[in-house]
Amino acid sequence: MVLVFLDQAEGTITKSSYEAASYAAETAKLLGTTADAIVLGVVNDDLTQLGMFGVKDVHTVTNPSLNQFDAQVFANVLAQAAANYNVVIFSNNSTAKAIAPRLSVKLKAGLVAGAVALPELTNGFIVKKSVFSGKAFANIAVSTEKKIISLNVNAFNIVKTEGTATVQPFEAEVGTSKVKTTSVDKVSGEVSLSEAEVVVSGGRGLKGPENWGMIEELAGLLGAATACSRPVADIDWRPHHEHVGQTGLAIAPNLYIAIGISGAIQHLAGVNRSKTIVVINKDADAPFFKAADYGIVGDAFEVVPKMIDAVKKMKGLA
Ligand SMILES: Cc1cc2nc3c(=O)[nH]c(=O)nc-3n(C[C@H](O)[C@H](O)[C@H](O)COP(=O)(O)OP(=O)(O)OC[C@H]3O[C@@H](n4cnc5c(N)ncnc54)[C@H](O)[C@@H]3O)c2cc1C
């Protein structure tokens with residue numbers, strides 16, 4: 001049996017969890033079994049809808065303390081829920097990165113983090129994953145009885161079916177957190193960067209923080225999140241939670257628009273799983289153009305205002 005962990009943010013199941021649910025259902029089909037899901041904390045979504053993603057039963061642990069993420073507590077609860085399952089699936093986001101290794105130890109389960117395809121079952125249980133920041137793939141044979149897979153965001157297309165899932169409470173011992181949260185600073189009014197479909201990102205080519213108005217305006221018009229290269233966050237032009245790359249957030253939006261960013265390998269490591277990459281740079285030899293689907297060689301201060309005007313016209317705002 002296959003169990004998928006559904007991550008939530010502020011009571012809403014995250015988009016990448018639906019990809020993981022679909023992946024779990026397809027994995028279950030390959031194994032000749034069914035997929036169930038587990039949700040921790042109180043959510044507002046109608047969980048019966050998960051049937052459309054191939055999930056049979058949804059186990060819920062509605063203890064409100066679980067709305068505050070704690071990796072140790074979550075891993076304990078999941079270990080209880082996973083007792084009757086052979087394969088546990090996560091979406092490979094920051095939550096999974098904190099829980100899956102802990103669960104792997106508790107269940108003595110082999111873990112493949114960053115899967116990009118369904119398991120291959122003709123010769124054992126082999127999972128393809130991306131390695132070296134997306135530069136290569138490795139096929140990992142998992143021989144433990146229990147297996148854990150965390151699926152890269154945007155690596156698997158959602159397969160929608162007909163159906164309604166059954167929602168049932170799971171009685172778990174939740175335990176108390178060893179971590180005490182003393183304050184929470186929430187970023188509000190912005191599109192979440194890790195979940196965004198469209199990201200508008202700026203680099204040192206923008207010359208200074210005072211020029212981010214046009215980045216924010218374009219992002220606002222496109223319903224996009226804003227991001228930046230590391231030096232931009234290091235010199236305090238932008239907050240650190242916007243920094244993407246090897247040492248920042250790894251994202252996989254449908255559209256990544258990089259403005260005044262050179263495309264260093266450490267930056268690409270965090271964005272090269274984006275479906276479509278658009279690069280705006282005044283240097284035709286900037287390395288980013290090699291990774292781009294579309295490139296505009298030009299000055300950002302001329303190109304971006306033209307893009308803003310074009311989007312406004314398209315939306316009937318100008
Ligand atoms: C261990 C390590 C980890 C790192 N991790 C990260 C990471 O996670 N994320 C990250 O981003 N970097 C990371 N870096 C830094 C990385 O190597 C690069 O230095 C950084 O990405 C460069 O940022 P940038 O492209 O904004 O700036 P620059 O390299 O200065 O590039 C600016 C670009 O803007 C263009 N430009 C200038 N003016 C204009 C204009 N008017 N219009 C259009 N284009 C213009 C230039 O042609 C240039 O290509 C890391 C480095 C190391 C050593």
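Everything quoted here is computed from the prediction, not taken from an experiment. (Residues numbered from 1 in each chain as written. Predicted model: local features only at pLDDT ≥ 70, side-chain atom pairs only at ≥ 80, totals over all residues. Heavy atoms only, no water.)

Undergrad: For this particular structure, what's the right way to read the overall build of the protein chain?
TA: Helix and strand counts for the protein chain come out as eight helices and 16 strands. Against the compact-globule benchmark of 20 Å for 318 residues, the protein chain has a radius of gyration of 21 Å, which places it among compact chains. Seen through its C-alpha atoms, the protein chain measures out along the principal axes to roughly 60 × 45 × 40 Å. Classification of the 318 residues of the protein chain by burial places 47% in the buried group. A sequence separation of at least 24 residues applies to 64% of the contacts in the protein chain between residues at least 6 apart. When the accessible area of the protein chain is evaluated, it comes to approximately 15,600 Å², of which 52% is carbon and sulfur surface. (Helix = DSSP H or I, 4+ residues; strand = E, 2+ residues; numbered from the N terminus. Rg over C-alpha atoms; globule rule 2.2 N^0.38 Å. Buried < 20%, exposed > 50% of the residue type's maximum accessible area, 1.4 Å probe, protein only. Contact = heavy atoms within 4.5 Å. Areas by Shrake-Rupley, 256 points an atom, 1.4 Å probe, with all protein chains shown as cover.)

Undergrad: Got a minute to help me understand the domain arrangement of the protein chain in this structure?
TA: Think of interface size as the accessible area that goes away when the parts come together; that is how it is often given. Split by domain assignment, the protein chain resolves into domain 1 (2-169) and domain 2 (198-314). Here the C-alpha centre of domain 2 lies 31 Å away from the C-alpha centre of domain 1. At the interface, seven residues of domain 1 touch eight residues of domain 2. Between domain 1 and domain 2, a total of about 610 Å² is buried, with carbon and sulfur atoms accounting for 40% of that surface. Seen at the junction of domain 1 and domain 2, the total is zero salt bridges. Considering only residue class, the side of domain 1 that touches domain 2 consists of one nonpolar, five polar and one charged. (Domains from an automatic or database assignment. Buried area = accessible area lost by both parts, 1.4 Å probe. Salt bridge = Lys/Arg side-chain N within 4 Å of Asp/Glu carboxyl O. Nonpolar A, V, L, I, M, F, W, Y, C, P; charged D, E, K, R; others polar.)

Undergrad: Any chance you could explain the side chain of Asn 92 here in plain terms?
TA: If you trace the backbone, Asn 92 turns up in the loop between strand 6 (87-91) and helix 3 (94-107). Within the local environment of Asn 92, its side chain forms a polar contact with the side chain of Ser 150, the two groups lying 3.3 Å apart. Dropping the residues within four chain positions of it, Asn 92 is found in contact with Lys 97, Ala 113, Gly 114, Ser 150, Leu 151, Asn 152 and Val 153. (Polar contact = N/O pair within 3.5 Å; in protein donor to acceptor, adjacent residues only side chain to side chain.)

Undergrad: Even after reading the chapter, I still don't get the nonpolar core, so can you show me in this structure?
TA: Inside soluble globular proteins, nonpolar side chains tend to come together where they are buried. Val 4, Leu 50 and Ile 89 are the most contacted members of the largest nonpolar core, which totals 29 residues. Of all elements in the fold, only strand 1 (2-6), helix 1 (15-31), strand 4 (35-40), strand 5 (55-61), strand 6, strand 7 (110-115) and strand 10 (147-151) reach the threshold of two or more residues within this core. For this core, the leading source of residues is helix 1, giving five residues. Among all residues touching Ile 89, those that are not within four sequence positions of it are Val 2, Leu 3, Val 4, Phe 5, Ala 20, Tyr 23, Ala 24, Thr 27 and Ile 149. Among the nonpolar cores identified, the runner-up in size contains 25 residues, and Phe 90, Leu 103, Ile 148 and Val 174 belong to it. (Core = buried A, V, L, I, M, F, W, Y, C linked by side-chain atoms within 4.5 Å.)

Undergrad: Would you mind showing me how to read the sheet that holds strand 16 (residues 294-297) here?
TA: Spatially, five strands are ordered 13-12-14-15-16 in an open sheet, and the strand pairing comes out parallel. At either margin of the open sheet sits one strand with a lone partner, and together these are strand 13 (225-228) and strand 16. Across the sheet, the mean angle separating the axes of adjacent strands is 15° when strand polarity is ignored. As paired strands, strand 14 (residues 255-259) and strand 15 (residues 276-281) are joined by five bridges and run parallel to one another. Bridging from a neighbouring strand, Tyr 256 pairs with Ile 277 of strand 15. Along the sheet, helix 4 (residues 213-222) contacts strand 12 (198-202), strand 13 and strand 14; its crossing angle with strand 12, the most-contacted strand, is approximately 175°. Contacts between helix 8 (residues 300-314) and the sheet are confined to strand 14, strand 15 and strand 16, with strand 15 contributing the most and set at about 130° to the helix. (Pairing = 2+ DSSP bridges. Axes fitted to C-alpha atoms, helices over the stretch in contact; angles between N-to-C directions.)

Undergrad: When you look at the packing of aromatic side chains in this model, what are you seeing that I'm missing?
TA: A ring pair, where both rings are aromatic, is described by two values, the distance of the centres and the angle of the planes. Counted under the stated rule, the structure contains seven aromatic pairs. Pairing Tyr 23 with Phe 156 gives two aromatic rings, centres 5.3 Å apart and planes at 85°, and the pair type is edge-to-face. Of this pair, Tyr 23 sits in helix 1 while Phe 156 is found in the loop between strand 10 and strand 11 (166-169), placing the two residues 133 residues apart along the sequence. Given a relative accessible area of 0%, Tyr 23 falls into the buried group. Residue classification places Phe 156 among the buried positions, given a relative accessible area of 13%. Seen in terms of ring centroids, Phe 69 and Phe 74 are 4.9 Å apart; in terms of plane orientation they differ by 75°. Their pairing is edge-to-face. For Phe 69, a relative accessible area of 39% corresponds to the partly exposed category. In this structure Phe 74 comes out as buried when scored by relative accessible area, which is 5%. (Phe/Tyr/Trp six-rings, centres within 6.5 Å; stacked < 30°, edge-to-face > 60°.)

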